[in-house]
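Close look at the chain arrangement
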Amino acid sequence: MANPYQVPQPPRQRSPWKTILIVLGVVLVLCCAGAGFGGYRLFKGVQEATEPARTAAETFVTNLENGDTDAAYGLLCKATQSNYTVQAFKDGVAKQPKIRSHSFGGVNVMNYNGKTSATVTLILTDDSGFTNRHTFPLVKDDGQWRVCGQPY
């Protein structure tokens, strides 16, 4: 039986630290999630900007590897096509060592005064086994990435 003369104890004061730590934990999780999402969007934005230029350069080189110079010529920009006839391009490619394989080296897309251009670096391996880093300049012609300048 409880002592009727016993004074009830005041309720124990809760430490504010538990609440503070919970709030800080939630803020930390939200910040990390926001940073992760922002990083993902940045990565996707860069990939969407660079992937078409990379694909155009790799398609050009794959056509050269397969001996399809007509298809490769079709991927040249208008300015370069005006400097080389199809036959001159074929003759120029025939004088070069045949590309056996290639791998990706890097891509850079630039927008300067409204003109979009890119450089794509590919590592080319020829039939002799020699490896060469070649940078392909590209421009957007009618909305499509095309190899421009000295093609190969």
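In this report, we go over the structure that sits alongside the text. (Residues numbered from 1 in each chain as written. Predicted model: local features only at pLDDT ≥ 70, side-chain atom pairs only at ≥ 80, totals over all residues. Heavy atoms only, no water.)

Describing the packing of aromatic side chains
How two aromatic rings sit relative to each other is set out by the distance from centre to centre and by the angle between their planes. Just so we agree on the cut-off: Centre distance within 6.5 Å is the pairing criterion for rings of Phe, Tyr and Trp, where only the six-membered ring of Trp is used; planes under 30 degrees apart are then read as stacked, over 60 as edge-to-face, and the remainder as tilted. A run of H or I in DSSP becomes a helix once it reaches four residues, and a run of E becomes a strand once it reaches two; helices and strands are each numbered from the N terminus. The rule is simple: take the accessible area with a 1.4 Å probe, protein chains only, and divide by the maximum for that residue type; under 20% is buried, over 50% is exposed, in between is partly exposed. Here, over-ring charges are defined by two tests on the NZ atom of lysine or the CZ atom of arginine: distance to the ring centre within 6 Å, and angle to the ring normal within 35 degrees.
A full pass over the atoms with the stated rule returns three aromatic pairs. Taken together, a centroid distance of 6.3 Å and an interplanar angle of 50° make the contact between Phe 60 and Phe 89 tilted. Of this pair, Phe 60 sits in helix H1 (residues 16-65) while Phe 89 is found in helix H4 (residues 86-95), placing the two residues 29 residues apart along the sequence. Phe 60 sits in the buried class, given a relative accessible area of 0%. Pairing Phe 60 with Phe 136 gives two aromatic rings, centres 5.9 Å apart and planes at 70°, and the pair type is edge-to-face. Note that Phe 60 is positioned in helix H1 and Phe 136 in strand E3 (residues 131-141), a separation of 76 residues in sequence. Taken together, the aromatic side chains of Phe 60, Tyr 73, Phe 89 and Phe 136 make up a single cluster linked through ring pairs. Taking NZ or CZ as reference, Arg 54 lies 3.8 Å from the ring centre of Phe 104, over its face.

Quick look at the environment of Thr 59
With respect to the helices and strands, the residue Thr 59 is situated in helix H1. The class for Thr 59 is partly exposed, based on a relative accessible area of 34%.

Quick word on the nonpolar core
Going by this rule: Residues belong to one nonpolar core when they are buried, are Ala, Val, Leu, Ile, Met, Phe, Trp, Tyr or Cys, and are joined through side-chain atoms within 4.5 Å. Any pair of residues with heavy atoms lying within 4.5 Å of one another is described as a contacting pair.
Among the nonpolar cores identified, the biggest contains 21 residues, and Phe 60, Val 61, Leu 64, Phe 89, Leu 122, Phe 136 and Leu 138 are the most heavily contacted of them. For this core, the secondary-structure elements that each account for two or more residues are H1, helix H2 (69-74), H4, strand E2 (115-126), E3 and strand E4 (144-147). Counting residues per element, this core draws most heavily on H1, which supplies six residues. Residues contacting Phe 136, with those up to four places away along its chain left out, are Phe 60, Val 61, Ala 118, Thr 119, Val 120, Leu 122, Leu 124, Val 147 and Pro 151.

Some remarks on a nonpolar patch on the surface
Quick note on the threshold: Candidates for patches are residues over 30% relative accessible area with no salt bridge; among them, like charges are joined within 9 Å and nonpolar side chains (Val, Leu, Ile, Met, Phe, Trp, Tyr) within 5 Å. Surface accessibility in these figures is a Shrake-Rupley result with a 1.4 Å probe; residues are shielded only by whichever protein chains are displayed. Put simply, a salt bridge is a Lys or Arg side-chain nitrogen that is within 4 Å of an Asp or Glu carboxyl oxygen.
Judged by side-chain polarity, Trp 17, Ile 20, Leu 21 and Leu 24 come together as a nonpolar surface patch covering roughly 450 Å² of accessible area. Locating Ile 20 in the fold gives a position in helix H1.

Topic: the pattern of salt bridges
Summed over the entire model, instances satisfying the criterion amount to three salt bridges. Where Asp 70 meets Lys 90, a salt bridge forms, and the shortest distance between an N and an O atom there is 3.2 Å. Of this pair, Asp 70 sits in helix H2 while Lys 90 sits in helix H4, and the two are 20 residues apart along the sequence. Taking relative accessible area as the criterion, Asp 70 reaches 45% and is therefore assigned partly exposed.

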